[in-house]
Amino acid sequence: MSSTKREADSAAPAGDSATPSKRPRTDQGPKTAASTLAATESNINKTQDAPSSPFNPKETDSPSVRGGKKDRGGGGRGKRGNGRGGRGGRGGGDSRSWGGRNTGKGEANMRQWGKKEGDSEGGAPTGEGAKGDDDKDKKDKLPKRKVAALIGYNGINYKGSQVNPGTETIEGEVFKGLVKAGAISEDNSTNHQKVSLARAARTDAGVHAALNVLSLKLILHPPEMPADSSFADWVNQFLPPAIRLWTTVRVQGAFDPRKLCDQRQYEYTLPTHVFLGPKPSSEMGKWLEKARSTPPAVDGAEPQPPITSPIIEASAEFWSSRPEKSAFSEDVEAKKKWRISKEALDQAREFVKAYEGSHNYYNFTVGKDFRDRSCQRVMRKLDISEPFVVNDTEYVSVSFLGQSFMLHQIRKMIGLTILAVRSSTPASLVPETFGPSRIHIPKAPSLGLLLLEPQYIEYNKRVTEANSKLEDLHKADRLSEKDLADQRREPLDTKGLGLTDKIDEFKKEHVYKRMRQVEEDELTFSKWLNYLDVHIGSDFEYLNPKGVIPASAVYKKGENPERPRGIVADANEGEPALPPSDDEGAGAGEDDG
């Protein structure tokens, strides 16, 4: 800016009307030093006449303090001079306008600033109402800290884990418990976003977690909490027995439980009798018999041997011992006494191993296209445990270790495994499902799915390294004991936090026992299979000895692969064919990854 322009700006009138668009032209006569000096003195006088600020001078927005810029109180465009009150002392005096352009009304508002209902005329609080306001202010000012809350839960009777107003969810129960415990103030009790609630993984309705991680800002020392009680024990008094808070761990402000999670480990427990082949008289049994039939020998050629496998042989033996028209409930009781052979279990293990690696799992979720890159997921390790018997029923557990999982992915992976093993479809079918052919894969019941833990490998390494540096500073007398304790962060490791025994006991009493009891009472897996076995249509024609997907089983564009295209035949002996319950919570998935 030229010196002539600067002189013109400094000489501009400083009244309320001196807005940038209405400043007088500077070319209406020559500028003299005397006129410039007069304008400056006028500005100074107006500043001295302005009402004084109720704030400490160091806390005002005056030009001499804010940003250290001395010229911002002057007049003229760019100097934010006299005129509207605002940033940089635009009013010429006190930088805050208080409801007007530093008029008498603004001064009156300024003098009443901070007055509360119940205050005396002079501003001193009076009566019980004023005391209540003071108590409320004091409570609202309780320090909040960002923490990782480690929780476990049984998901039966809850519509998923993620908070959803108007619906009973795990996070909703935890949030209400924290409010009752005083860990979340009343001002923040109506909106979980005010405490920055986030989670490592979302779980479907009915799905359980031995350990899940939430992050949020909490009051770690509520006034009502007894001095001899730990924070977790205090909060658990306000939670149902099916939900437990294991502990809270201080984390850094940028901590994101989903993005910083390196991998997640799940477990799916199911009765082994689901691997038995379908009843020969069922629609599924008839289809499999047709698919396994071998063509007759032609022109004296050797006839092909019948297709067989450990499961086919075991299923034929089982059903041959049953009456042809046995009732559904009678068949289920007989299935519970069946035990899987090592050869049949090896067949199941071979199938789940085919899932390992980085693949396109769009067929194992909903609402995704084959070209969607988010469908590419990494499965690091899958395995099936040795069988174990509980209440005369044999079970196995399938463990999943993956980087992340999509909505319904694990339940559909289990669903396909069960269908393929009981039909003796080879593991070569799995790579076929990663291709562009869209097929219908039913999701297994949510009852058997358990989130074991999200794992924070890299985060724990960084925390350990940072703690080591803090210790070095403390030893060198460069960090006080108080600052050391305040800046330390614990790794998110259940063993290091001493939670292993508590979590194992919770899984035993509140997850596994409850899970098996529900299966015995409601026959969840048997009813699910019964629904599939009476289905008529081509949807499951990919269950064949060759392990290929025929064109008849492929869903065309516009068809919904979540809805079977065929019909449901009559169930066995009058038993209703119950479809899988629509048990998903709104937006609930196996996790966010």
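Note that this is a predicted model, so its numbers are computed, not measured. (Residues numbered from 1 in each chain as written. Predicted model: local features only at pLDDT ≥ 70, side-chain atom pairs only at ≥ 80, totals over all residues. Heavy atoms only, no water.)

A. Examining the overall build of the protein more closely. Assigned secondary structure in the protein consists of 16 helices and 12 strands. Relative to its 593 residues, the protein shows a buried fraction of 46%. Considering only contacts within the protein whose residues lie at least 6 apart along the sequence, 73% involve residues at least 24 apart. Summing over all exposed atoms, the protein offers an accessible surface of approximately 30500 Å²; the carbon and sulfur share of this is 49%. (Helix = DSSP H or I, 4+ residues; strand = E, 2+ residues; numbered from the N terminus. Buried < 20%, exposed > 50% of the residue type's maximum accessible area, 1.4 Å probe, protein only. Contact = heavy atoms within 4.5 Å. Areas by Shrake-Rupley, 256 points an atom, 1.4 Å probe, with all protein chains shown as cover.)

B. Looking closely at the packing of aromatic side chains. Per the counting criterion, the structure on display carries 16 aromatic pairs. Ring centres of Trp246 and Phe506 lie 5.4 Å apart, and the angle between their planes is 85°; this geometry places the pair in the edge-to-face category. Note that Trp246 is positioned in strand β4 (residues 243–250) and Phe506 in helix α15 (residues 500–522), a separation of 260 residues in sequence. An identical accessibility class is assigned to Trp246 and Phe506; each is buried. Pairwise contacts between aromatic rings join Phe351, Tyr355, Tyr361, Phe364 and Phe434 into one cluster. Sitting over the ring of Tyr395, Arg516 keeps its end group 5.7 Å from the ring centre. Lying across the ring of Tyr555, Arg565 places its NZ or CZ 4.1 Å from the centre. (Phe/Tyr/Trp six-rings, centres within 6.5 Å; stacked < 30°, edge-to-face > 60°. Lys NZ or Arg CZ within 6 Å of the ring centre and 35° of its normal.)

C. Representation of helix α8 (residues 310–320) in the model. For α8, every residue scored as buried is listed here: Ile311, Ile312, Ala314, Ser315, Phe318 and Trp319. Each buried residue of α8 lies within a common arc of 165° when the element is viewed along its axis, so the set occupies one face. Away from its buried face, by an angle of more than 90 degrees, α8 presents the exposed residues Glu317 and Ser320. Along its buried surface, α8 packs onto α7 (283–292), α9 (328–336), α10 (342–353) and α11 (409–423). (Arc of directions from axis to C-beta.)

D. Seen up close, unusual backbone geometry. At Asn157, a residue that is not glycine, the phi angle is positive and equals roughly 80°. On the accessibility criterion, Asn157 (62% relative accessible area) is exposed. For Asp392, which is not a glycine, the phi torsion comes out positive at approximately 70°.

E. How the structure looks around the environment of Glu171. Inspection of the secondary structure assignment puts Glu171 in helix α5 (residues 170–180). Look at Glu171 and you get buried, because its relative accessible area is 3%. Distance from Glu171 to Ile151, taken between C-alpha atoms, is 9.8 Å for residues 20 residues apart in sequence. Glu171 has contacts with Ser161, Gln162, Val163, Leu197, Arg199 and Leu214, leaving out every residue within four places of it along the chain.

F. Spatial organisation of the environment of Gln162. Among the structural elements, Gln162 can be located in the loop between β1 (145–153) and α5. It is 8.8 Å that separates the C-alpha atoms of Gln162 and Asp204, two residues lying 42 residues apart in sequence. Among the polar contacts made by the side chain of Gln162, one reaches the side chain of Arg202 at a distance of 3.2 Å. (Polar contact = N/O pair within 3.5 Å; in protein donor to acceptor, adjacent residues only side chain to side chain.)

G. Structural detail: the environment of Gly402. Counting through the fold element by element, Gly402 comes out in strand β9 (residues 393–402). Along the sequence, Gly402 and Leu382 sit 20 residues apart, while their C-alpha atoms lie 8.6 Å from each other. In contact with Gly402, other than residues within four places in its own chain, are Gln263, Arg264, Val378, Met379 and Arg380.

H. Region of interest: the pattern of salt bridges. All told, the structure shown has 23 salt bridges when counted by the stated rule. We note a salt bridge from Lys353 to Glu356, for which the minimum N-O separation is 3.1 Å. We classify Lys353 as partly exposed; its relative accessible area is 38%. Beyond isolated ion pairs, a larger network of salt bridges with shared partners links Lys342, Asp346, Arg349 and Glu386. (Salt bridge = Lys/Arg side-chain N within 4 Å of Asp/Glu carboxyl O.)

I. Layout of the side chain of Thr203. Mapped onto the elements, Thr203 comes out in the loop between β2 (198–199) and β3 (208–218). Owing to a relative accessible area of 1%, Thr203 belongs among the buried residues under this scheme. Here the side chain of Thr203 touches Tyr153 through a polar contact of 2.9 Å, side chain to side chain.

J. Molecular detail of the nonpolar core. One finds Phe275, Tyr355, Phe400 and Tyr542 to be the most contacted residues of the largest nonpolar core, which totals 117 residues. Beyond its immediate stretch of four places on either side in the chain, Tyr355 contacts Tyr361, Phe364, Met379, Leu382, Met413, Leu416, Thr417, Val430 and Phe434. (Core = buried A, V, L, I, M, F, W, Y, C linked by side-chain atoms within 4.5 Å.)

K. Expanded view of the confidence of the model for the protein. Considering every residue of the protein, the mean pLDDT works out to 81; 72% of them sit at 70 or more. Every residue in residues 582–593 is under pLDDT 50, and counting partners more than four places away or in other chains gives 50 contacts. (pLDDT = per-residue confidence, 0-100.)

L. Representation of the packing of α10 against α11. Packing of α10 against α11 leaves a shortest axis separation of 10 Å and a crossing angle of 140°. As far as their axial angle goes, α11 and α10 are oblique. With respect to the hand of their crossing, α10 and α11 are arranged in right-handed fashion. Between α10 and α11, the contacting residues are Gln347, Ala348, Phe351 and Val352 on the first element and Leu416, Thr417, Ala420 and Val421 on the second. (Axes fitted to C-alpha atoms, helices over the stretch in contact; angles between N-to-C directions. Parallel < 35°, antiparallel > 145°, perpendicular 65-115°, else oblique. Left-handed = near helix turned anticlockwise from the far one by under 90°.)

M. Structural context of α10. Compared with an ideal rise of 1.5 Å per residue, which puts 12 residues at 16 Å, α10 spans 16 Å between its outermost C-alpha atoms and is within 8% of the ideal. Check the buried side of α10 and you find it contacts α8, β7 (376–384), β9, α11 and α12 (429–433). (Expected span 1.5 Å × (residues − 1).)

N. Structural context of the pairing of strand β5 (residues 263–271). The buried fraction of β5 amounts to eight of the nine residues, a majority that puts the element mostly inside the structure. Inspection of the sheet shows β5 paired to strand β10 (residues 449–455) by six bridges, in the antiparallel sense. Across the sheet, residue Glu267 finds its bridge partner in β10, namely Leu450. (Pairing = 2+ DSSP bridges.)

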